[in-house]
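# What the coordinates show
What follows is each chain in one-letter form.
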Amino acid sequence: MKLLNQSLKYLSISILGIVTVWSVVFYMNMLNEIKSSIDEGLENYKRLIIQNAQVDATILTKTYFDESFFTLRKIAAEEALNMRDSYIDTEIYMQDADDQAPEPEPVRMLTTAFEYNGQYYELKVANSMVEEDDLINELFWDVVWLYILLIAGIMVVNNIVLKKLWKPFYDFLKELKNYRLGSTQKLPETNTQTREFLDLQQAVNTLLQHSLAAFEQQKEFIGNASHELQTPLAMVTNKLELLLESSDLKQAEAEKIAAIFQIIERLVRLNQSLLLLSKIDNKQFFDNQQVSINEVVQQNRLELEELASFKALNITVTESEVLKVTIDPTLADILVANLLKNALFHNIKNGRVNISLSKDSLRLCNTGVSQPLESEKLFSRFHKTDSRSSGTGLGLSIVKAIADLYGFTIAYHFEKGEHVFEVKFSSL
């Protein structure tokens, strides 16, 4: 989830809580204010009724509520002296204008007592109140619309103001994603005056400069080490070849020299494989192009045809569709070649290799040992299924490194007596 959306989510939740608490507090304050105002009116109405009773004694006989909203009844002196003014919320039944049955109406009622000509009276004065259900309902919808307007306003601010404010950050992030050690010449930067973004840019670029320096040192070391190893190996190989061509060489000596020669060749292959793995890990192959895997498979099949004939292996290629992948051509060739060599070297006499190409996958099935291999260790470096093998144990590790570099997936399983390797490609 993007930062702007996350901030909107947390703001929405926070505002919902704040508005809810505010609504409760506002409702209580508004209700208290309404009641205080009504109570003042009831107090004033009480005084008017008592004053009018001094002039018109007939008022003292009113014992029911009507449109005048007050009643009187005689009470004992003791009860009157113990009575204090009280305000309560209650309901009274009032007759409406249509002569229908009386209906309860919410009122605020003042109950008090007074004395007239030695007689004590209880006075109840009422005033209509807004129904709390209606008040709550009205306030609820007011709050809902307030919340919607607040969120809409925040979304507008997010998409206009904050989006513009965060634009330098996203521009810098985009440049950082596209940056490649060893191939991108310019360090990521963005045009901004925001101090935090400038600090971030400086910190990231400082880190990249250190990484670039370490990368260049490692690259130089690997190149020098590879060159220094290749030179003595080549010299030893040449000297061994000269010894093998000597006419006075005995059979036993020739066999020993041939064994040493094979060891040297293995060291050369190991050196080349380790150098290749290091280059892949350091992402030094990034001449990405649209490569037809079909053509790469056919080319490698022709190059390995002699080996297949020697082992009496039958290679078949099934192409349902053209498989094109964005990849460095050199790495594409290495990936296919290593998989095909693995299928040939670890096959049996008169065995078979079936290659299938679909829109997004390359599948190789080959005969071999009649039991599944250890899939957990199969792509590990220097892992060999046969300890007597003269291979380096890095072929499938290189395939896995290439797949990881480009986000491809490679899987192995044993199916119907055959070893199946499948690479699923993803378009970049």
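To be clear, the structure that these remarks concern was listed above.
Described below are features of the structure shown in this document. Keep in mind it's a predicted model, so treat the numbers as computed, not measured.

## Some remarks on empty space enclosed by the protein
Inspection of every chain in the model, using the stated rule, returns one cavity of 30 Å³ or more. The calculated volume of the largest cavity comes to roughly 30 Å³. If you trace the largest cavity, you find it lined by Val297, Val336, Leu339, Leu340, Ile355, Leu362 and Leu364. When contributions to the lining of the largest cavity are tallied by element, the ones reaching two or more residues are helix 8 (329–345) and strand 9 (361–366). Here the lining of the largest cavity gets three residues from one element, more than from any other, and that element is helix 8. The residue makeup of the lining of the largest cavity, split by class, is seven nonpolar, no polar and no charged.

## Considering the pattern of salt bridges
Between side chains of opposite charge, a pair can form when the charged atoms approach closely. If you walk through the whole model with that rule in mind, you get 15 salt bridges. Between Glu79 and Arg73 there is a salt bridge, with the nearest N and O atoms lying 3.5 Å from each other. Taking the relative accessible area as the measure of exposure, Glu79 reaches 35% and is therefore partly exposed. What makes Arg73 partly exposed here is its relative accessible area of 40%. Salt-bridge contacts for Glu418 lead to Arg352; the nearest nitrogen and oxygen are separated by 2.8 Å. Taken as a pair, Glu418 in strand 11 (residues 418–424) and Arg352 in strand 8 (residues 352–357) lie far apart in primary sequence, 66 residues in all. Since its relative accessible area comes to 11%, Glu418 is described here as buried. One continuous salt-bridge network, built from bridges that share partners, spans Lys35, Asp39, Asp89 and Arg108.

## Side note on the nonpolar core
Ile293, Leu339, Ile355 and Leu362 are the most contacted members of the largest nonpolar core, which has 41 residues in total. If you tally residues by element for this core, the top one is helix 8, at nine residues. Setting aside its immediate chain neighbours within four residues, Ile355 contacts Val297, Ile315, Thr316, Val317, Thr318, Leu340, Leu362, Arg363 and Leu364.

## Describing the sheet that holds strand 10 (residues 409–415)
Spatially, the five strands line up as an open sheet ordered 6-8-9-11-10, and their pairing is mixed. Edge positions in the sheet fall to strand 6 (314–319) and strand 10, since each has one partner strand and no second. The mean angle between the axes of side-by-side strands here comes to 15 degrees, regardless of whether they run parallel or antiparallel. The pairing of strand 9 with strand 11 spans six bridges and is classified as antiparallel. Bridge pairing in strand 11 links Arg363 to Glu422.

## A word on the pairing of strand 4 (residues 119–128)
Sheet topology note: the strand 1 (residues 70–75)/strand 4 ladder contains six bridges and is antiparallel. Opposite Thr71, over in strand 4, you have Lys124 as the bridge partner. Pairing of strand 3 (residues 103–116) with strand 4, which is carried by ten bridges, proceeds in the antiparallel orientation. Bridging across to strand 4, Phe114 finds its partner in Tyr121. In this structure, the hairpin formed by strand 3 and strand 4 is closed by a connection of two residues, where Asn117 is found at a positive phi of approximately 55 degrees.

## Remarks on the packing of aromatic side chains
Scanning the model with the defined rule gives nine aromatic pairs in all. Their ring planes at 15 degrees and their centres at 5.6 Å tell us that Tyr406 and Phe408 sit as a pair that is stacked. Linked through ring pairs, Phe169, Tyr170 and Phe197 together constitute an aromatic cluster. Geometry around Phe70 places Lys62 over its ring, the cationic atom sitting 4.5 Å from the centre.

## What about the packing of helix 6 (residues 293–303) against helix 8?
In the contact formed by helix 6 and helix 8, the axes pass within 9 Å of each other and the chain directions differ by 50 degrees. By the angle class used here, helix 6 and helix 8 are oblique. Crossing handedness for the pair helix 6 and helix 8: right-handed. Contacts between helix 6 and helix 8 involve Ile293, Val296, Val297, Asn300 and Arg301 on the former and, on the latter, Ala332, Asp333, Val336, Ala337 and Leu340. When grouped by side-chain class, the residues that make up the contact of helix 6 with helix 8 number seven nonpolar, one polar and two charged.

## Overview of helix 8
Side chains three or four residues apart in an α-helix point the same way, a direct result of the helix having 3.6 residues per turn. In this model, helix 8 (17 residues) spans 24 Å end to end at C-alpha, consistent with the 24 Å of a helix rising 1.5 Å per residue. Across the 17 residues of helix 8, twelve count as buried, placing the element largely inside the fold. Along helix 8, the residues classified as buried are Leu331, Ala332, Ile334, Leu335, Val336, Ala337, Asn338, Leu339, Leu340, Asn342, Ala343 and Leu344. Looking at where helix 8 begins, the residue whose side-chain oxygen comes 2.9 Å from the main-chain nitrogen of Thr330 is Asp328.

## Things to note about the packing of helix 8 against helix 9 (residues 395–406)
With their axes 9 Å apart at the nearest point, helix 8 and helix 9 run at an angle of 140 degrees to one another. Here helix 8 runs over helix 9; the crossing is left-handed. Seen from helix 8, the contacting residues are Leu331, Ile334, Leu335, Asn338, Leu339 and Asn342; seen from helix 9, they are Gly395, Leu396, Ile398, Val399, Ile402, Leu405 and Tyr406. Looking at the contact of helix 8 with helix 9, its residues break down into ten nonpolar, three polar and no charged.

## Brief notes about unusual backbone geometry
Phi at Asn350 takes a positive value of approximately 60 degrees, unusual for a residue other than glycine. Note that Asn350 resides in the loop between helix 8 and strand 8. A relative accessible area of 61% means that Asn350 is categorised as exposed. In this model, Lys416 sits at a positive phi of 55 degrees, which is unusual for a non-glycine residue. On the secondary structure map, Lys416 appears in the loop between strand 10 and strand 11. Judged by its relative accessible area of 80%, Lys416 is exposed.

Parameters and conventions
- Residues numbered from 1 in each chain as written.
- Predicted model: local features only at pLDDT ≥ 70, side-chain atom pairs only at ≥ 80, totals over all residues.
- Heavy atoms only, no water.
- 1 Å grid on protein atoms, 1.4 Å probe; cavity = no way out; pocket = protein on both sides within 12 Å on 5 of 7 lines; lining within 4 Å.
- Points joined across faces, edges and corners; volume = space filled by probe spheres on them.
- Helix = DSSP H or I, 4+ residues; strand = E, 2+ residues; numbered from the N terminus.
- Nonpolar A, V, L, I, M, F, W, Y, C, P; charged D, E, K, R; others polar.
- Salt bridge = Lys/Arg side-chain N within 4 Å of Asp/Glu carboxyl O.
- Buried < 20%, exposed > 50% of the residue type's maximum accessible area, 1.4 Å probe, protein only.
- Core = buried A, V, L, I, M, F, W, Y, C linked by side-chain atoms within 4.5 Å.
- Contact = heavy atoms within 4.5 Å.
- Pairing = 2+ DSSP bridges.
- Axes fitted to C-alpha atoms, helices over the stretch in contact; angles between N-to-C directions.
- Phe/Tyr/Trp six-rings, centres within 6.5 Å; stacked < 30°, edge-to-face > 60°.
- Lys NZ or Arg CZ within 6 Å of the ring centre and 35° of its normal.
- Parallel < 35°, antiparallel > 145°, perpendicular 65-115°, else oblique.
- Left-handed = near helix turned anticlockwise from the far one by under 90°.
- Expected span 1.5 Å × (residues − 1).
- Polar contact = N/O pair within 3.5 Å; in protein donor to acceptor, adjacent residues only side chain to side chain.

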